Amino acid sequence: MNLSTTHALVRLPSRSLAACELVHLPRQEIDFARATSQHRSYVAALASAGVTVTTLPKIPNLPDAVFLEDVVLILDEVAILCRPGAASRLAEVELIKPKIIGLRPTLEIRAPGTLEGGDVLRVGHTLFVGRSTRTNREGIQQLRQCVAPFGYAVKEVPVTGCLHLKTGVTSPTEGVLLANPGWIDVTDFGRYEILRVPAAEPWGANTLPLNGRVLVAASAPRTADLLTARSLDVHRVDISELQKAEAGLTCLSVIY
Ligand code: GLY
């Protein structure tokens, strides 16, 4: 079940984005002016879906700080400060902390655990958590302990071939998962209807459902058509420059 989303935090990109972490993509030149303009359009898309957006300042020396989702998970009852598996991203956590502690009781993932929010797919009271190059077993176990008192089940899912779990699977609408089975073993999601991304659009699975609307990357037109054919209210958002930094629609915001 995709609950209603009232708020989002985003962080402006900085020019250091050119030095971002890359795991599965070759480095390409990023047009920073275009990336900034696409980020603005992304924020507008969140707002037009009825979300109140708080925009945080850029952090010049932290290239990946624009990918805010990876450093904090906000549930209705509790927030969990993550501990990124990329060492270059650890400093992002302390910078978001003051914004979070006023919003929710706040818990933290501690060493040797690692957890990035891009690996956490919430479907109702189930958190599917990718075990990836960024999230380890210890981090998943700590998350399980953090959320168990609030009735959330944590299910570990192996991630291969892509950066985060949500690079390869999201839930565009209730009861349905959209996945790239080349990256994510869909047998792990037993009771959900699985839609497969068109073969030509391996990155198309990263959608962002918001209040009855679903944002789809403009680079995945066939995926958008597939969801439109299911009568979903699809809104296409061009994040092509940010995708060069291995970004998805979900990782550009923390929604709650
Ligand atoms: N460039 C996105 C990440 O690696 O975290």
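Just above sits the structure.
(A) Looking closely at unusual backbone geometry. Along the chain, A111 connects to P112 via a cis peptide bond; the corresponding omega equals 5°. Here P112 is to be found in the loop between β5 (106–108) and β6 (120–123). For S231, which is not glycine, the phi torsion reads 65° and is therefore positive. Mapped onto the elements, S231 comes out in the loop between α5 (221–228) and β14 (233–237). Owing to a relative accessible area of 68%, S231 belongs among the exposed residues under this scheme. Phi is positive for E246, close to 65°, though the residue is something other than glycine. Looking at the secondary structure, you find E246 in the loop between α6 (240–243) and β15 (254–255). Take E246: its relative accessible area is 6%, and that puts it in the buried class.

(B) Geometry of the nonpolar core. Counting residues in each nonpolar core, the largest one holds 26 residues, and the members touching the most others are L17, Y42, L46, F67, L215 and L249. Of all the secondary-structure elements, those providing two or more residues to this core are β1 (7–11), α1 (32–48), β12 (208–210) and β13 (213–217). The biggest single contributor to this core is α1, with five residues. When sequence neighbours within four positions are dropped, the list of residues in contact with L17 reads I30, A35, P63, V66, F67, L242 and A245. V78, I109, L143 and C146 belong to the second-largest nonpolar core, a separate cluster that totals 16 residues.

(C) Focus on the sheet that holds β15. Taking strand neighbours across the sheet as the criterion, the three strands line up as β2-β1-β15 in an open arrangement whose pairing is mixed. Bordering the open sheet on either side are β2 (52–56) and β15, each of which pairs with just one other strand. Of the strand pairs in this sheet, β1 and β15 are connected by two bridges, and their pairing is antiparallel. The partner of A8 across the bridge, within β15, is I255. Along the sheet, α1 makes contact with β1 and β2, crossing β1 at roughly 175°. Against the sheet, helix α2 (residues 91–100) touches β1 and β2, its axis set at about 150° to β1.

(D) How the structure looks around the sheet that holds β14. Taken together, the three strands give an open sheet; going across it, the order is β12-β13-β14, and neighbouring strands pair in mixed fashion. Looking at which strands have only one partner, the edges of the open sheet turn out to be β12 and β14. Taken pair by pair, the neighbouring strands of this sheet meet at an average axis angle of 30°, ignoring direction. Across three bridges, the pairing between β12 and β13 is antiparallel. If you follow L208 over to β13, its bridge partner there is L215. Seen against the sheet, α1 touches β12, β13 and β14 and runs at an angle of roughly 160° to β14. Together, β13 and β14 form the strand contacts of α5, whose direction differs from that of β14 by roughly 165°.

(E) Molecular detail of the pairing of β1. The buried fraction of β1 is high, at four of five residues. Direction of pairing for β1 relative to β2: parallel, over a ladder of five bridges. Opposite A8, over in β2, you have V53 as the bridge partner. Between the parallel elements β1 and β2, the chain passes through α1 in a crossover that is right-handed.

(F) Quick look at the pairing of β14. Bridge count between β13 and β14: five bridges; the pairing is parallel. Opposite V216, over in β14, you have R236 as the bridge partner.

Criteria and cut-off values
Residues numbered from 1 in each chain as written. Predicted model: local features only at pLDDT ≥ 70, side-chain atom pairs only at ≥ 80, totals over all residues. Heavy atoms only, no water. Helix = DSSP H or I, 4+ residues; strand = E, 2+ residues; numbered from the N terminus. Buried < 20%, exposed > 50% of the residue type's maximum accessible area, 1.4 Å probe, protein only. Core = buried A, V, L, I, M, F, W, Y, C linked by side-chain atoms within 4.5 Å. Contact = heavy atoms within 4.5 Å. Pairing = 2+ DSSP bridges. Axes fitted to C-alpha atoms, helices over the stretch in contact; angles between N-to-C directions. Right-handed = clockwise from strand over helix to strand, strands pointing away.

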